[in-house]
Amino acid sequence: MRGRSYQGTADTVSKWHDLPAALRASRIGVLGLQETHLQDEHVRSIEQIHGRQFQLFNSSDPDSPGASAGVAFALNRSLVRVDSCAFHVLVPGRAAILTMTWHHDLRLTILNVYAPTAPGPQATFWTQVLEAWQLSGLPAPDFFMGDHNIVDNTNDRAPPRAENAAALEAFCELCLALNVQDAWRASYPDSRQFTFRSLGRTPQTHSRLDRIYVAAPLCGSVYEWDVLPSPFRSDHLLVSVRYAPPTAPELGEGRWTLPMRLTSDKTFLSFVTKSGLALEEALSDLPAVRTNDRNAQLLWQKFK
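Residues numbered from 1 in each chain as written. Predicted model: local features only at pLDDT ≥ 70, side-chain atom pairs only at ≥ 80, totals over all residues. Heavy atoms only, no water.

Undergrad: Please explain empty space enclosed by the protein as it appears in this structure.
TA: By rolling a water-sized probe across the atoms, one finds the places where empty space is left. Counted according to the given criterion, the structure contains one cavity of 30 Å³ or more. There is about 50 Å³ of room inside the largest cavity. As for the largest cavity, its lining consists of W184, Q193, T195, R208, D210, R211, W225, D226, V227 and V239. Among the secondary structure elements, those contributing two or more residues to the lining of the largest cavity are β12 (210–215) and β13 (222–228). Considering every element that reaches the lining of the largest cavity, the biggest residue donor is β13, with three residues. (1 Å grid on protein atoms, 1.4 Å probe; cavity = no way out; pocket = protein on both sides within 12 Å on 5 of 7 lines; lining within 4 Å. Points joined across faces, edges and corners; volume = space filled by probe spheres on them. Helix = DSSP H or I, 4+ residues; strand = E, 2+ residues; numbered from the N terminus.)

Undergrad: Just to check I follow, could you spell out the packing of helix α6 (residues 266–284) against helix α7 (residues 296–303) for this structure?
TA: The packing of two helices is summarised by the inter-axis angle and the distance between the axes. For the pair α6 and α7, interaxial distance at closest approach is 10 Å and the crossing angle is 170°. Looking at the two axes, α6 sits roughly antiparallel to α7. Two secondary-structure elements touch here, α6 through V272, S275, G276, L279, A282 and L283 and α7 through A296, L299, W300 and F303. Within the contact of α6 with α7, the residues separate by chemical class into eight nonpolar, two polar and no charged. (Axes fitted to C-alpha atoms, helices over the stretch in contact; angles between N-to-C directions. Parallel < 35°, antiparallel > 145°, perpendicular 65-115°, else oblique. Contact = heavy atoms within 4.5 Å. Nonpolar A, V, L, I, M, F, W, Y, C, P; charged D, E, K, R; others polar.)

Undergrad: What am I meant to see in the sheet that holds strand β2 (residues 54–59) here?
TA: Hydrogen bonding along the main chain pairs the strands of a sheet, whether they run parallel or antiparallel. Strand order in this open sheet of three strands is β1-β3-β2, and the pairing throughout is antiparallel. Two strands bound the open sheet, and with one partner strand each, they are β1 (30–34) and β2. When the angles between neighbouring strand axes are averaged without regard to direction, this sheet yields 15°. In this structure, β1 lies alongside strand β3 (residues 71–76), joined through five bridges in antiparallel fashion. Residue pairing for β3: L33 is matched across the bridge by A72. (Pairing = 2+ DSSP bridges.)

Undergrad: Any chance you could explain the nonpolar core here in plain terms?
TA: The nonpolar side chains of a soluble globular protein tend to be buried with one another. Judged by nonpolar contacts, the single largest core of 25 residues is most densely connected at L90, L111, F125, W126, V129 and F144. Broken down by secondary-structure element, the contributors of at least two residues to this core are β4 (86–91), β5 (95–101), β6 (107–114), α3 (119–136) and α4 (165–178). When residues in this core are grouped by element, the largest group, seven residues, is from α3. Ignoring sequence-local partners within four residues, the contact set of F144 consists of L111, V113, W126, F171, L174, C175, L178, V180, R211, I212 and Y213. By size, the runner-up hydrophobic cluster in this structure holds 22 residues, among which are F73, V82, M100 and W184. (Core = buried A, V, L, I, M, F, W, Y, C linked by side-chain atoms within 4.5 Å. Buried < 20%, exposed > 50% of the residue type's maximum accessible area, 1.4 Å probe, protein only.)

Undergrad: What exactly am I supposed to notice about the pairing of β12 here?
TA: In terms of burial, β12 is a largely internal element, six of the six residues being buried. The pairing of strand β9 (residues 180–181) with β12 spans two bridges and is antiparallel. Bridge pairing in β12 links V180 to A215.

Limitation: the analysis is restricted to geometry and does not speak to function.
Take a look at the structure:
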């Protein structure tokens, strides 16, 4: 998010005004947010204004709550049973877990992180997350999302550069313990797709810092990966994926329906009236004995 308000504005929740429309437009059920910079009064204000559209869970940086870090979940109330959700902080302002009911009685666990940018604190951070999760008693996350500020594949940086060895080792140990995989990279092993670009540097760099890792047993149940513009005019793009549990019912294309706007369209209504009168006349001319070529059902089907 890069903070709670747009540059040059005094409204401390101005960025949050754009969130409900983004949730509706992309049909996002669960949105993980990083670098929220929210204090308690900001959270209360957001909930007062937008509480009917989404439920907000936020963890602030304990040292600089309004100026740095911060991770949050925004839950679309029209798609998610918010009363079934629980929020657990692992590292204040940096890592939090959401547990929720997704499909009937199916429980999901989602880990959201905002990793430090410096290599030294990063190595410590990944170890902190692992230890806090182990002590929490929570299940392993089904999804591990966020701004990781590190990549584990050389294709995820341009130009490529080596990651700090200690930070990368700690990150890989966490992924191994959680049994999560970079499901997008597994599906597109040779592709390049960046979510962040450094606008102020020369030469400009591109990185896939924002990723969604998936628990190994669920990798076959995720689809429609996408990278979208952020609703907050951030220098990071928004990564999204859809998830359908294996137990979910298979849905067909549905039944075609008439667009409601046509019920008041004069041209359309005139055409329907004319066609309906022609149908009535054709029905009255049908022979008394039904045949396969001449019957009311065929005329009705043609009329429709």
